[in-house]
Number of protein chains: 2
Amino acid sequence: MSEFLTIHEAAARIRAGKLRPIELFEQCWDRIDRYEAQVRAWAYLDYDGARRQAEQLTQEWQRNHYRGPLHGIPLGIKDIIDVFDMPTGCGSTLWATSFARADAECVRRLRQAGAIILGKTVTTAYASFDPPPTRNPWHLERTPGGSSSGSAAAVACGMCLGALATQTGGSITRPASFCGVVSLKPTWGRVSVTGVLPLAPRLDHVGVMASSATDCAILFDAIRTAPTAPRRIRQRLLEPNDAAAFGLLEPTMAEAFATFRTTTATRDWHWHNHTLPPSFADVRHYHYLLMAVGAAAYHGERFQRRPHDYPPSVSQLIRDGLQCSAADYERALKHHAQFQTDIDHSFPKGWDTFATPAAPGPAPSADTTGNPVFNAPWSYAGLPTLSLPIGWSREGLPLSVQLIGRRHHDEQLLQLAQRLEATCAIIRPPLPL
Amino acid sequence: MSEFLTIHEAAARIRAGKLRPIELFEQCWDRIDRYEAQVRAWAYLDYDGARRQAEQLTQEWQRNHYRGPLHGIPLGIKDIIDVFDMPTGCGSTLWATSFARADAECVRRLRQAGAIILGKTVTTAYASFDPPPTRNPWHLERTPGGSSSGSAAAVACGMCLGALATQTGGSITRPASFCGVVSLKPTWGRVSVTGVLPLAPRLDHVGVMASSATDCAILFDAIRTAPTAPRRIRQRLLEPNDAAAFGLLEPTMAEAFATFRTTTATRDWHWHNHTLPPSFADVRHYHYLLMAVGAAAYHGERFQRRPHDYPPSVSQLIRDGLQCSAADYERALKHHAQFQTDIDHSFPKGWDTFATPAAPGPAPSADTTGNPVFNAPWSYAGLPTLSLPIGWSREGLPLSVQLIGRRHHDEQLLQLAQRLEATCAIIRPPLPL
C-alpha cells in the first residue's frame, strides 16, 4: 500500500515531476480495491473515465502545462452534485440511474483546475438523516455520519485526496469529524449551488473535505465564487459560554476538547469565554422548520406520488414541513434574519473565531447518522465552519473541534486552522481495516 | 371518440364551465389508448400525475380561479426538455431512466399558465436525424419527420392539444408539416433553453406545435421571454426567386403551393418574387458545420467513451464536427453573423413575410426523417418560421407552407398566419387509423 498523501504533498510531487497523475490515480484505485467492499463509500465509480482524465493530465504536465495544485488530484463528488455523464442518485432508488447532462458549477471549476473526478460518493437519501450503506472506516459497526457519508469515508481511506460535500444541518462537519478528516463549510452563498439537489435552499451549502486545512484551502480556492481580501490571523479562540445549549457532551469528547484547550493555551493561543446572543435559544427549533419547509417545498408533491422512494426520516421531515403553517414559517423567516444579524454582531472586537466540539462524541452506531446539534446553528447562521481532528477516543475513533469564523472570512478561518494544525498536529494511526 | 378540439375551442368551453379539465384530460387519454400502440408518439406517459393535475385545475376553476387559455389544456413535452420527476431520455438508451430534478424554464411557464403535462414525446436520438420508433398517423409506413417526431404525431392524433418541440435544422417545421399540424419556431433567443439538451446552442430553438395558428399564439404567449409591440399585419407574401436553391420540389407539393398562391391571390393577398442575398448560397454548408461542431462540443468526449449510445446519423454528425478545423469553424462563424445581417436587410420595405413550401413533399418512408432543406436556412438565420397545412397529397398526407417573418416579429407572424388560416381553411379528414 502506498503512503498517505495530502493534496498539498501530492501537488508538490506532481509539479516537481516526482509523481505522475496516472500513478496517483492508480494509488487511489488500489485503496478503493482494498477498502470499498467494507466501507461502501461510493454510489458510482468511473475507472475508465477517470483513468482517461489522469492520462490527459499526465500528458499535459509532460507538455509543460501545469494547472496548479489540483492538477491530477483524484476527488470524489457527493452524489447530490451533478457530474456530466454520471448518475446523480441522491440516495433515491428511482434516481439511481439518472445521468447528469452537465457538470454542476462547482464541479466544472474543479475540472478546470485539473482535478480528476473518480466518481460519486454516497449520500443519505436526499441529503437527509436516513442511515446510508456506508460504514465508518475506523470502526465498521459505526456510522461515518451523514449526509456526506461517502465523501468523509472515502477521504479517510485515502481513496481520493479530497471531496465535495454539502450541509444543510450538520452534513459536512459531522461526517468529517466522525471520520477524522478536515472539512470546510463555507459562508452561505460563497459556493454556487447550481447543479446541486436542494434540501432547503436557505440553508444549503456546498463545501469540501480533505486530509488537512491546507488541502481544504486549495479546494475552496477552486470553487469559491470570489476571493476576499487577506485578513490578520490572531491566535484567539472564543468558547461559547452556553455550550450546554448544544446538548450533552460525552466524556471522551469533553476530555479531548479540554486537552485541546490546554495544549493550545500553552502554545500562545488565547481563549475567551463568550455569551451567544439571546436569539440563539430558538435556533434549533427554527432551523428544523426552515429545513422541513424547504424539503416539503421541493419534495412535497413527489413524496405524495412516490412515497416508496422516501425512507422514514426524510419522510417525517417532509411531513413536518407540509404541516407547518405559513404563520409559523413567517416567524421562522423573521427569526432567521434576526439571528444572522445578532450573531454577526456578537463577535467581540479583535476576536474572529469560535471553537466548539464538532459533535457530542465519536461516531455512534451505524443505525443512525449521529447528532448534528453542534453544527445546525452554524448552517442556520450561514457562518463558515471548519472541522479539525484533535484526538482519538479509546476505541480509536476520531474526535474533532469545530471552528466558526465571521461571515465571508472563510479564507481567514482556513489560515487560522492551518496554524492550529501546525501547532497541535495529531498522529494519524493506520486504518484498522 | 370525442370531437377534435383546438386549444382555443377547449379553453372557451372550460372557461364557460361547459368542459371540465378532468373531462378533457380523459378525452386525450382515450385517444392515447386508441392510437399510441401504432403511432408510438410517447417516450414516457404519466397518467396518475396528469390526472392529479387535471383534478386540481378542475377544482381551481370551481373555486372561480381561471388561469387563462391554457387552464386545463393537456400538452406533450419533447423528450429533450426537462419535466420534473419524469425521465429526460433524449432518445438515448443510457439516459432513458434519467429523471429530471427540475422543470425546464419553458415547462415551468406552461405549468404556471395551467397546462397539464401528460408526458414526454419521442425525440430522435439527441435531436438529430436517426429515425425514431414513432410513425406518421396519416400513414403508418411513413415518417412523422424529426427530430420532434412524437410532438407532431401526438398533436395530429389529438392525444394532446399542443406540444413543445425544438429545432436546430428543421426539427419543428418538418415534422409539423409531415403530420399536418401548425408550428412556430420562434426567433432565436425568444424562448429560454434552460433545462433543454443542447444540440448546437447557436442554432437551438424551443418552439410549439398545435392544431391552429391561434393555438400556437396561445402557447407562445406563455413561454416567450418578453412580449413585443403590436405591428401592422399586411396581406403580403414574398416568394424567394431562387426556390431551386432549396432543392427539388415533388410535383404534389409544387401543385399544392401553386394552389395556395392562387387561392390567396384571389382573396386579396399580394405576392412578390424576391431575390435572397448572395450569402444564402453558402448557408447549407455552414449550417451543417455549426450543427456538427455544436454536437461535437457537447457530445464529443461522451461519444468516444460510449459509442454504443450513439446511432449512425448522429455519430456521423459528431465525427464531422470533431474533424472540423478551427479555421473552417471561424469562417462559419463569420458567415453566420454576416448572413443574419444580410437576411435582416433583405426584406423590402412594407413586406414582412416570406412563404415557401415547408418541405420538398409529403412525409417519406419511415427509414428516414425527411429532408430539412427548406427549414435549415431559417434555423441558421434565427428568423421566426411558422408551418401551416395547405393541402393533402393523393395518399392523404398533409402538405404545408412555411412562413418566415422578420426577426423578433413572432407575434406579427402568428397574426398573419391566423388571417391566412381564416382565408383558406383546409378540411381536415378523419385519421385513417
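Basis of the calculations
- Numbers given for residues are sequential positions, taken from 1 along each chain in its written order.
- Going through the entries in the order they are written, you letter the chains from A and number the ligands from 1.
- Two thresholds apply to this predicted model, a pLDDT of at least 70 for residue-level local features and 80 or more for giving and counting side-chain atom pairs, whereas whole-chain, interface and lining totals are computed over all residues.
- Side-chain numbers here rest on the full set of heavy atoms in the structure, without hydrogens or water.
- Only the contacting stretch of a helix is used when fitting its axis, a line to C-alpha atoms as for every element, and angles between N-to-C directions run 0 to 180 degrees.
- Runs of E in the DSSP output that reach at least two residues are strands. Runs of H or I that reach at least four are helices, and both are numbered from the N terminus.
- In this scheme, roughly parallel covers angles under 35 degrees and roughly antiparallel covers those over 145, while 65 to 115 is roughly perpendicular and the rest are oblique.
- Throughout, a residue-residue contact means that at least one pair of heavy atoms, one from each residue, lies within 4.5 Å.
- Gly is placed with the polar residues, together with every amino acid not listed as nonpolar (Ala, Val, Leu, Ile, Met, Phe, Trp, Tyr, Cys and Pro) or charged (Asp, Glu, Lys and Arg).
- Using a 1 Å grid laid over the protein atoms alone, points where a 1.4 Å probe fits but cannot get out form a cavity; open sets with protein on both sides within 12 Å along at least 5 of 7 lines form a pocket; any residue with an atom within 4 Å of a point counts as lining.
- Grid points are joined across faces, edges and corners, and a volume is the space filled by probe spheres set on the points.
- For the least-squares superposition of copies, only C-alpha atoms count, and only for residues with pLDDT at least 70 in both.
- All the domain ranges listed were derived from an automatic or database domain assignment.
- Note: buried area is the sum, over both parts, of the accessible area (probe 1.4 Å) each one loses when the two are combined.
- Salt bridge, as applied in this entry: a Lys or Arg side-chain nitrogen positioned within 4 Å of an Asp or Glu carboxyl oxygen.
- Whenever a nitrogen or oxygen atom comes within 3.5 Å of another N or O atom, the pair is scored as a polar contact, on the condition that within protein one atom can donate a hydrogen and the other can accept it, and that pairs from neighbouring residues in sequence are kept only if both atoms are in side chains.
- Helices are assigned an expected span. That span is 1.5 Å times one less than the residue count.
- A simple rule labels every residue: compare its accessible area, found with a 1.4 Å probe on the protein chains alone, to the largest value its type can have, and call it buried under 20%, exposed over 50%, or partly exposed in between.
- Throughout, the arc means the angular range of directions from the helix axis out to the C-beta atoms.

**So, the packing of helix 9 (residues 283-305) of chain A against helix 10 (residues 312-323) of chain A**
All names here are of chain A. Packing of helix 9 against helix 10 leaves a shortest axis separation of 7 Å and a crossing angle of 100°. What the angle tells us is that helix 9 and helix 10 run roughly perpendicular. Of the residues in helix 10, those touching helix 9 at Tyr288, Met291, Ala292, Val293, Ala295, Ala296, His299, Gly300, Phe303 and Gln304 are Ser315, Gln316, Leu317, Ile318, Arg319, Asp320, Gly321 and Leu322. Split into classes, the residues belonging to the contact of helix 9 with helix 10 amount to ten nonpolar, six polar and two charged.

**Concerning the layout of surface pockets**
Estimates place the volume of the largest pocket at around 1000 Å³. Surrounding the largest pocket, 50 residues form its lining, Asp82(A), Thr194(A), Gly195(A), Val196(A) and Arg101(B) being those nearest its centre. Listed by contribution, the elements that provide at least two residues to the lining of the largest pocket are strand 4 (162-167) and strand 6 (205-210) of chain A together with helix 4 (105-112) of chain B.

**Thoughts on the relation of the copies chain B and chain A**
When chain B is fitted to chain A, the residual RMSD is 0.0 Å, and the transformation amounts to a turn of 180° plus an axial shift of 0.0 Å. The superposition operator between the copies reduces to a two-fold rotation axis. If distances are taken from each C-alpha of chain B to the rotation axis, the shortest is found for Ser98(B), at 1.7 Å.

**Remarks on the domain arrangement of chain A**
All names here are of chain A. By domain assignment, chain A separates into domain 1 (7-234 + 355-423) and domain 2 (279-344). For domain 1 and domain 2, the distance between their C-alpha centroids amounts to 25 Å. Taken together, the 27 residues of domain 1 in the interface contact 29 residues of domain 2. For the pair domain 1 and domain 2, the two sides together bury roughly 2400 Å², of which 66% comes from carbon and sulfur. The three residues of domain 1 that bury the most area against domain 2 are Tyr126, Arg202 and Tyr380, which together make up 29% of that side's buried surface. Taken together, the connections running from domain 1 to domain 2 amount to one salt bridge. Connecting domain 1 to domain 2 are 15 residue pairs in polar contact (both at pLDDT 80 or more). Split by residue class, the side of domain 1 that touches domain 2 holds 17 nonpolar, seven polar and three charged.

**A word on helix 8 (residues 251-266) of chain B**
All names here are of chain B. An ideal rise of 1.5 Å per residue puts 22 Å on 16 residues; helix 8 measures up with 22 Å between its terminal C-alpha atoms. For helix 8, the complete set of buried residues consists of Thr252, Met253, Ala256, Phe257, Phe260 and Thr264. The buried residues of helix 8 occupy an angular sector of 130° when the element is viewed end-on, so they sit on one face. Across helix 8 from its buried face, at more than 90 degrees, point the exposed residues Pro251 and Thr266. Looking at the packing, one finds that the buried side of helix 8 touches strand 7 (236-240), strand 8 (270-274), strand 9 (353-357), strand 10 (385-392), strand 11 (398-405) and helix 13 (410-423). Asp268 sits one or two residues past helix 8 and shows a positive phi near 70°.

**Quick notes on the interface of chain B and chain A**
The partner chain A presents 24 residues to the 24 residues of chain B that form the contact. Of all residues in chain B, Asp85(B), Arg101(B) and Arg305(B) bury the most surface against chain A, accounting for 33% of the area lost on that side. At the boundary of chain B and chain A, one finds ten salt bridges. The salt bridge involving Arg306(B) is made with Asp85(A); its shortest N-O contact spans 2.7 Å. Viewed at the interface, chain A and chain B are joined by 17 residue pairs in polar contact (both at pLDDT 80 or more). Going through the elements one at a time, helix 3 (47-62) and helix 9 (283-305) of chain B are the ones with two or more residues in the side of chain B that touches chain A. Looking at the side of chain B that touches chain A, the element that brings in the most residues is helix 9 of chain B, giving four residues. Residue classes in the side of chain B that touches chain A are distributed as ten nonpolar, six polar and eight charged.

**Concerning the pattern of salt bridges**
A complete count under the given rule lists 48 salt bridges over all chains for this structure. Arg142(A) is paired through a salt bridge with Glu395(A); the nearest N and O atoms lie 3.3 Å apart. Linking Arg142(A) in the loop between strand 3 (116-121) and helix 5 (149-156) with Glu395(A) in the loop between strand 10 (385-392) and strand 11 (398-405), this pair joins segments that are 253 residues apart in sequence. Where salt bridges share partners, they join Asp46(A), Asp85(A), Arg302(B), Arg305(B), Arg306(B) and Asp309(B) into one cluster.

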